[in-house]
Amino acid sequence: MGSEKGAAKARKIRERQVRAKIQSAMSIHMLYGKKPTVRSIAEEAQISTATAAKYLRIINDKP
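Residues numbered from 1 in each chain as written. Predicted model: local features only at pLDDT ≥ 70, side-chain atom pairs only at ≥ 80, totals over all residues. Heavy atoms only, no water.

Visitor: Where do I start with the overall build of the protein in this structure?
Guide: Counting its secondary structure elements, the protein contains 3 helices and 0 strands. From first element to last, N terminus to C terminus, the protein shows the α and β order α-α-α. Taking 11 Å as the expected radius of gyration for a compact globule of 63 residues, we find that the protein reaches 13 Å, considerably beyond that expectation. Considered along the principal axes of its C-alpha atoms, the protein spans approximately 45 × 25 × 20 Å. Taking all 63 residues of the protein together, the buried fraction comes to 21%. (Helix = DSSP H or I, 4+ residues; strand = E, 2+ residues; numbered from the N terminus. Rg over C-alpha atoms; globule rule 2.2 N^0.38 Å. Buried < 20%, exposed > 50% of the residue type's maximum accessible area, 1.4 Å probe, protein only.)

Visitor: Just to check I follow, could you spell out the confidence of the model for the protein for this structure?
Guide: Per-residue confidence for the protein gives a mean pLDDT of 91; residues scoring 70 or more make up 97%. Of all the helices and strands in the protein, helix H3 (residues 49-61) carries the lowest mean pLDDT, 90, while helix H2 (residues 38-45) carries the highest, 95. (pLDDT = per-residue confidence, 0-100.)

Visitor: How should I be thinking about H2 in this particular structure?
Guide: An α-helical turn contains 3.6 residues, so a residue and the one three or four places further along point in the same direction. Along H2, the residues that are buried comprise Ile 41, Ala 42 and Ala 45. Buried residues of H2, viewed axially, fall in a sector of 100°; they line one side. Residues of H2 that are exposed and point over 90 degrees away from its buried face: Arg 39 and Glu 43. Buried-residue contacts for H2 involve helix H1 (3-32) and H3. (Arc of directions from axis to C-beta. Contact = heavy atoms within 4.5 Å.)

Visitor: Help me understand H3 in this model?
Guide: Across its 13 residues, H3 extends 18 Å between first and last C-alpha, which sits within 8% of the 18 Å expected from 1.5 Å per residue. Of all the residues in H3, the buried ones are Ala 52, Tyr 55, Leu 56 and Ile 59. Along H3, the residues classed as buried sweep out an arc of 110° about the axis, all on the same side. Away from the buried face of H3 by more than 90 degrees, exposed residues Ala 50, Arg 57 and Asp 61 are located. Against H1 and H2 lie the buried residues of H3. (Expected span 1.5 Å × (residues − 1).)

Here it is as structure tokens:
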């Protein structure tokens, strides 16, 4: 496997992990009736606020 393929594979794995963290954090917010803000999702998922904002935009744009 070349370095390009390996990097692409690693990026996809990382994206799936971050999406799973965000989905989990969103579920926790819904469960407790909290407002899901970028900062609160980032804290719950233990990711940066920039990453949380990016993936929340992506998740909210998809049907």
